[in-house]
Structure formats: C-alpha cells, structure tokens
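# Descriptive analysis of the structure
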Amino acid sequence: MATSLSAVNKCFRALLGYKPQIQVIPQRNKGGFHVRWKRKRPIQSWFDPKDKSWAKPILDQQQRKEYEPPQEPSMLHMVYRIRGHFTRPYWEKEILKEFGLFDKSFNPVVLKNTPEVNEKLKVIHHLIRIKPVTFPYGLPKDESDYKHCYLRENGEFVVKQKISNEEEAEIDSSWSEIQVVDDRSETDDNIWKMQSSTIKKESRRILDNYRLSEEYFREKYVYRHNQDGKEDRYKGNQNIGNRRKDWH
C-alpha cells in the first residue's frame, strides 16, 4: 500500500512540475545500506557561472571612467592623520615628524605634489588621508588677499579678493541705475498688528512650558555654602543660627 501511494504522489508531482528539494544519498554501513536524507539547496546567483549580474557595477564604472575627462593632478596635497602611530615603526614616525603630522590627528598640512614627497607619503598611506587642493575661486592676486583665505575640509582653497577702485565704481553705477520701488500699499500701515492665530499659538506655548503668570511668581533660589556671598542669610544680624558651623 505504501509503494502504491508513493507512486501516485510521484505521478502527481511530475504532472504539476514539482522539483524535489530533498536528495537521497545511500551510504553503506556494516549492517547494510543506510539512507541519509540531505536537503538540496538552490543554486545561488553568484555561484551560477551563466549569471554575470555581479560584474555589472564594475563594467558601469569602467564605462563612466572612459566618458569622464581625465583630471589634472593638483599642485598641492592636503594631508591629515586619521590613525594612531604608537605601535608603528620608527621610520614611519620620522616621516610623520618631518611633515608635522606626529603631534595631532586630523590636523591638515599642505604639501607639494612632487615625486619625493609622494614616495614618503606612500610609506604612511595607511595612517593618513590625502585630498587634492583645488582653487574654485582662483588664485590670490595680492598679498593682502592671504589675510582672508581659508582651506575647507574637502580641499577647496577659498580666496576673498579685495575689490579695486575701478570695480567699486562700476558697482556703484550699476546700483544707481536700479530703482527701488516700495510695493507696500497705503492700506498696510498696521503691519505690526497681531492676528488671533498668533495670540492663540503664543498662549498655547506658555501653557505647555508651564510659564503662566511667570512675571508675578518669580523663582526663588535657595543658595547653599554661601554661593551668593551673603553670610547673614544663614546666621543673621541678631545671632540667629549661632550653633551653625561654617561650611568651610
């Protein structure tokens, strides 16, 4: 009876397209054959040799690099230390001291982009972070421009140049041509008039913060250990509290 039921089940599964998830592995022991049931795992997408979806991000990045124009190397590097140097060898510590990166971490230092400097930075590349210094607003033109320059965290060197007399005259002439028109009409004289919604909102805020009638019930602070500098608060002028010992 059991064999007939199993045969019927196999037929139904074949008709419905059922794929078994259990694999029968016979093993031979001393007493005869022993059947061990092992669950059959589905093939993962990364294990299937026909599936190439894992390589799609790599191919997209290569295509993006082909279309992007090559970046010009920057003249300067902004370098700062991001890891500790206590367990590092002496030659790495010497390079950090040479570039001023030994004392404080995350302290940016500007270095030249030269082969000699890059070779030393390659030795300590695991301790530092390097960012190229860019000039989005151009280079400083005068020595007085250096007073108002600063370096951002992303490596941008911001320059605030001083306006010359000719440029200042052009700006004044352009502002004189602009006619400032007051769009406020005569009916809007009461611009400081409060609306009912504003009053309700402020009243609700006072109630929520428990500040109702705050001007009439001010806070009274209780000082200890003579914090306000008034010793008579505790002993008084009429020998009140004479048994009390000094707090110090």
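My aim in this report is to walk through the structure given alongside it, one point at a time. Everything quoted here is computed from the prediction, not taken from an experiment.

Criteria and cut-off values
Residues numbered from 1 in each chain as written. Predicted model: local features only at pLDDT ≥ 70, side-chain atom pairs only at ≥ 80, totals over all residues. Heavy atoms only, no water. Helix = DSSP H or I, 4+ residues; strand = E, 2+ residues; numbered from the N terminus. Polar contact = N/O pair within 3.5 Å; in protein donor to acceptor, adjacent residues only side chain to side chain. Contact = heavy atoms within 4.5 Å. Pairing = 2+ DSSP bridges. Axes fitted to C-alpha atoms, helices over the stretch in contact; angles between N-to-C directions. Salt bridge = Lys/Arg side-chain N within 4 Å of Asp/Glu carboxyl O. Buried < 20%, exposed > 50% of the residue type's maximum accessible area, 1.4 Å probe, protein only. Phe/Tyr/Trp six-rings, centres within 6.5 Å; stacked < 30°, edge-to-face > 60°. Lys NZ or Arg CZ within 6 Å of the ring centre and 35° of its normal.

Time to look at the side chain of histidine 77. Structurally, the position occupied by histidine 77 is in strand 3 (residues 76-81). At 3.4 Å, the side chain of histidine 77 forms a polar contact with the side chain of asparagine 118. Residues within four places of histidine 77 in sequence aside, it is in contact with Val109, Val110, Leu111, Lys112, Asn113, Asn118, Leu121, Ile130, Lys131 and Val133.

Our focus in this paragraph is the sheet that holds strand 4 (residues 109-112). Pairing is antiparallel in the open sheet, where three strands are placed in the order 4-3-5. Here the strands that pair on one side only, and so sit at the sheet edges, are strand 4 and strand 5 (128-132). Averaged over neighbouring strand pairs, the angle between their axes works out to 35 degrees when direction is ignored. Direction of pairing for strand 3 relative to strand 4: antiparallel, over a ladder of four bridges. Within the sheet, the bridge partner assigned to methionine 78 lies in strand 4 and is valine 110.

Under the counting rule described, the total for this entry stands at six salt bridges. Two residues, glutamate 156 and arginine 152, come together in a salt bridge whose shortest N-O distance is 3.1 Å. Residue classification places glutamate 156 among the partly exposed residues on the basis of a relative accessible area of 22%. Owing to a relative accessible area of 32%, arginine 152 belongs among the partly exposed residues under this scheme. One salt bridge connects arginine 205 with glutamate 202, and the closest N-O pair in it is separated by 2.5 Å. Linking arginine 205 with glutamate 202, this pair stays in helix 6 (residues 196-208), spanning three residues, or about one helical turn.

The next thing to look at is the packing of aromatic side chains. For any pair of aromatic rings, the description consists of the separation of the ring centres together with the inter-plane angle of the planes. Across all of its chains, the model carries three aromatic pairs by this definition. Taken together, a centroid distance of 5.5 Å and an interplanar angle of 65 degrees make the contact between phenylalanine 135 and phenylalanine 157 edge-to-face. Taken together, the residues phenylalanine 135 in the loop between strand 5 and strand 6 (150-151) and phenylalanine 157 in strand 7 (residues 157-158) connect sequence positions 22 residues apart. Using a relative accessible area of 25% as the deciding quantity, one classes phenylalanine 135 as partly exposed. Taking the ring centre of phenylalanine 102 as reference, the NZ or CZ of lysine 97 above it sits at 4.9 Å.

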